[in-house]
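# Fold and contact review
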Protein chains: 2
Amino acid sequence: MKYQAEIEIMPRKGLLDPQGKAVSQSFKNIGLDTISNARIGKFVTLEIEANSAEDAKKLADEATTKLLANLIMESYEVNIKEL
Amino acid sequence: MKYQAEIEIMPRKGLLDPQGKAVSQSFKNIGLDTISNARIGKFVTLEIEANSAEDAKKLADEATTKLLANLIMESYEVNIKEL
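What you are looking at is a predicted structure, and each value in this text was computed from that prediction instead of being measured.

Positionally, Phe43(A) belongs in strand E2 (residues 35-49). Sequence separation between Phe43(A) and Ile7(A) is 36 residues, and the spatial gap between their C-alpha atoms is 5.7 Å. Ignoring anything within four residues of it in the chain, the contact list for Phe43(A) reads Glu6(A), Ile7(A), Glu8(A), Glu8(B), Met10(B), Arg39(B), Ile40(B), Gly41(B), Lys42(B) and Phe43(B).

Time to look at the packing of aromatic side chains. Tallying each qualifying case throughout the model produces one aromatic pair over all chains. When the ring of Phe43(A) is compared with that of Phe43(B), the centres are 5.9 Å apart and the planes differ by 20 degrees; the resulting orientation is stacked. In this pair, Phe43(A) is assigned in strand E2 and Phe43(B) in strand E2 (residues 35-49), connecting two distinct chains. Taken individually, Phe43(A) and Phe43(B) each receive the classification buried, so the pair is uniform in this respect.

Before going further, it helps to examine the pattern of salt bridges. All names here are of chain B. Counted under the stated rule, the structure contains eight salt bridges over all chains. With a closest N to O distance of 3.1 Å, Lys81 and Glu6 form a salt bridge. Taken as a pair, Lys81 in strand E3 (residues 74-82) and Glu6 in strand E1 (residues 2-11) lie far apart in primary sequence, 75 residues in all. Residue Lys81 is classed as partly exposed on the basis of its relative accessible area, which comes to 42%. Accessibility expressed as a relative area gives 14% for Glu6, which makes it buried. Among the ionic pairs, Lys57 bridges to Asp61, the shortest N-O distance being 2.9 Å. With Lys57 and Asp61 both in helix H2 (residues 53-68) and four residues apart, this pair spans about one turn of that helix. Given the relative accessible area of 34%, Lys57 is considered partly exposed.

One can find Ile48(A) in strand E2. Taking the relative accessible area as the measure of exposure, Ile48(A) reaches 0% and is therefore buried. Setting aside chain neighbours within four positions, we find Ile48(A) in contact with Met1(A), Lys2(A), Tyr3(A), Ala5(A), Ala56(A), Leu59(A), Ala60(A), Thr34(B) and Ile35(B).

Reading the values: the criteria
- Residues numbered from 1 in each chain as written.
- Chains lettered and ligands numbered in written order.
- Predicted model: local features only at pLDDT ≥ 70, side-chain atom pairs only at ≥ 80, totals over all residues.
- Heavy atoms only, no water.
- Helix = DSSP H or I, 4+ residues; strand = E, 2+ residues; numbered from the N terminus.
- Contact = heavy atoms within 4.5 Å.
- Phe/Tyr/Trp six-rings, centres within 6.5 Å; stacked < 30°, edge-to-face > 60°.
- Buried < 20%, exposed > 50% of the residue type's maximum accessible area, 1.4 Å probe, protein only.
- Salt bridge = Lys/Arg side-chain N within 4 Å of Asp/Glu carboxyl O.

Below is the structure:
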């Protein structure tokens, strides 16, 4: 069966996120001053051929840890949907 | 009240996604050949001070269209949660 994995990869909480800091400042500069604490990460979708949602989750985890995310700097969440 | 906006920004379907293409090829190279069609976008979280979830959604839309996404190349989805 075919599954779609949606993977959110974010910089870890304790770590600096210079891109997010810059964007937060820009919101102030353009008058959107009720917005703060922008954090910027990656959003990845994959199509996975697997026998079950559990297998698809395992493959998505493997793909993320081997290729997509740097687990020292980033944390991630995976959601699996049937296609 | 304080809300968190989660914004997914993805390259539009019809458009080339060279980063996603490269990653799809890499999955094959490392033996994860049941994974295909990687698409890579951005995931942004914001904290928004607003009177209602609707107002927060409007502010998140404004922030995304003015600063975060290029609507010619990218489409986006916003989710609002109360903090």
